[in-house]
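One-letter residues, chain by chain:
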Amino acid sequence: MAAVAAITQWRAGVQETRAETRFPPEGDLLTVDGVTVHAVVMGSGPDLVLIHGASGNSRDMTFSLAPRLAERYRVIMFDRPGLGYTERLNSTGASLNQQATLLARAAGQLGADKPIVMGHSYGGAVALAWAIAHPENIAALVAVSAPSNPWTTPLDPLYRVTSSWWGKLFVVPLLTAFVSEDRIEEAIESVFPPQTPPKGYEDHIGALLTLRRVSMRANADQRANLLDEIERQLPDYANITAPTEIVHGTADTTVGLSIHSEKLVHQIDGAVLTRLDGIGHMPHHAAEDDVVAAIDRAAARAGLR
């Protein structure tokens, strides 16, 4: 058993080195309140922060959306805590509020004191927390496929295991060490139905970074804690004052439209919901034009265009 454990840890380390060699940081490493934060900045114009979802990193945004937006915005992307190259904040999973506070301060350090903030999926929940906790530091809010209201389905078995103490200790190193490239490809494709990943996406996203032990543990804790955190911030949506655009696909089976965005639009004063017919969980790739249009509308409502 000791030999198996040693081999697993060794192979996990090899895989992590491989991931970081293949997918190095695309931007700069900042120090924010003593925490290392990876930030990618491109373009010029009004400040716009893009926040990625669970199991991802800033490469999800740099694939296509950010370069397009950089033609008329100063686009800033961060890796969320524990993912990509941003340091983990704690051993229990950084809360939505903690993540929002860290990223707001990182944006301020880059001179973006009041940016437009767009978040996808879990990143949309972080964007909501930003608008709640730091209203003076957000010009407009764009929530894309964002979890925002309580749900009743149980936590995915993978996250139940990998967020447990024994799963972190034994299962996570095994996954880091031995998950195959084919399984990674299947996991990426499973997020897109009824659409498929755009050509080149799987080679760009750097999914191997999420399989590192620190990232798997951080991601699992964040997902395991999400429902409780959504329930706690729910009463504060009525206090959001930033112009808000909500975008959601009608075919999203990961974050259901009726459970989340169709309620959220009535919980934030003046919010506008764009329903994307037949689009799944990844509108910023499958319906990029619509997401760009929502960002432009948010910017105009904030007086930035």
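Read on for a plain summary of the structure. Throughout, residues of each chain are indexed from 1 in the direction in which the sequence is written. The predicted origin of the model limits local features to residues at a pLDDT of at least 70 and limits the giving and counting of side-chain atom pairs to 80 or more, whereas totals for whole chains, interfaces and linings rest on all residues. To obtain the side-chain values, all non-hydrogen atoms of the structure were used and water was disregarded.

This brings us to the packing of aromatic side chains. The rule is short: rings of Phe, Tyr and Trp, with Trp giving its six-membered ring, pair when the centres are within 6.5 Å, and they are stacked under 30 degrees, edge-to-face over 60, tilted in between. A full pass over the atoms with the stated rule returns two aromatic pairs. Between Phe63 and Tyr201 the ring centres are 5.5 Å apart and the planes differ by 85 degrees, which places this aromatic pair in the edge-to-face class. Placement of the pair is Phe63 in the loop between α2 (59-62) and α3 (65-69) and Tyr201 in helix α9 (residues 201-204), with a sequence separation of 138 residues. Where Phe192 meets Tyr201, the ring centres are 5.3 Å apart and the plane angle is 75 degrees; that geometry is what we call edge-to-face. Classification of Phe192 as buried rests on a relative accessible area of 2%. Linked through ring pairs, Phe63, Phe192 and Tyr201 together constitute an aromatic cluster. Sitting over a ring, as applied to charges here, requires NZ of Lys or CZ of Arg to be within 6 Å of the ring centre and within 35 degrees of the ring normal. Here the basic side chain of Arg212 rests over the ring of Tyr85, its NZ or CZ set 5.3 Å away from the ring centre. Helical segments are the DSSP runs of H or I of at least four residues, strand segments are the runs of E of at least two, and each set is numbered from the N terminus. Classification of residues uses two cut-offs on accessible area relative to the type maximum, computed with a 1.4 Å probe and protein chains only: under 20% is buried, over 50% is exposed, and between them is partly exposed.

A few words on the sheet that holds strand β1 (residues 28-32). Ordered in space as β1-β2-β4-β3-β5-β6-β7-β8, the eight strands form an open sheet in which the pairing is mixed. Of all the strands in the sheet, the pair left with one neighbour each is β1 and β8 (272-276). Adjacent strand axes in the sheet meet at a mean angle of 25 degrees, parallel and antiparallel pairs treated alike. Here strand β5 (residues 116-120) runs beside strand β6 (residues 140-144); their pairing, made up of five bridges, is parallel. Being paired, for any two strands, means DSSP has found at least two bridges between them. Here the axes come from fitting lines to C-alpha atoms, over the contacting stretch only for helices, and the angles between their N-to-C directions go from 0 to 180 degrees.

Exposure above 30% relative accessible area and no salt bridge define the residues that can form patches, which grow by joining like charges within 9 Å and nonpolar side chains of Val, Leu, Ile, Met, Phe, Trp and Tyr within 5 Å. To measure how exposed things are, a 1.4 Å probe is used in the Shrake-Rupley method; for residues, cover is taken only from the protein chains shown. Salt bridges are defined as contacts in which a side-chain nitrogen from Lys or Arg sits within 4 Å of a carboxyl oxygen from Asp or Glu. Here the positive residues are Lys and Arg and the negative ones are Asp and Glu; neither His nor the chain ends is included. Charged side chains are reduced to one point each, which is NZ for Lys, CZ for Arg, CG for Asp and CD for Glu. A cluster of acidic residues, Asp182, Glu185, Glu189 and Asp203, forms a negative patch at the surface. The leading source of residues in the negative patch is helix α8 (residues 181-189), at three residues.

Here we take up unusual backbone geometry. Most peptide bonds take the trans form, and the phi angle of most residues other than glycine is negative. Between Pro193 and Pro194 the backbone carries a cis peptide bond, its omega angle lying at 5 degrees. Despite not being glycine, Asp33 has its phi angle at roughly 55 degrees, a positive value. Within the secondary structure, Asp33 sits in the loop between β1 and β2 (35-42). Classification of Asp33 by relative accessible area gives exposed; the value is 56%. If you check the backbone angles, Ser121 has positive phi at about 55 degrees while not being a glycine. You can see Ser121 is positioned in the loop between β5 and α5 (122-133). Judged by its relative accessible area of 10%, Ser121 is buried.

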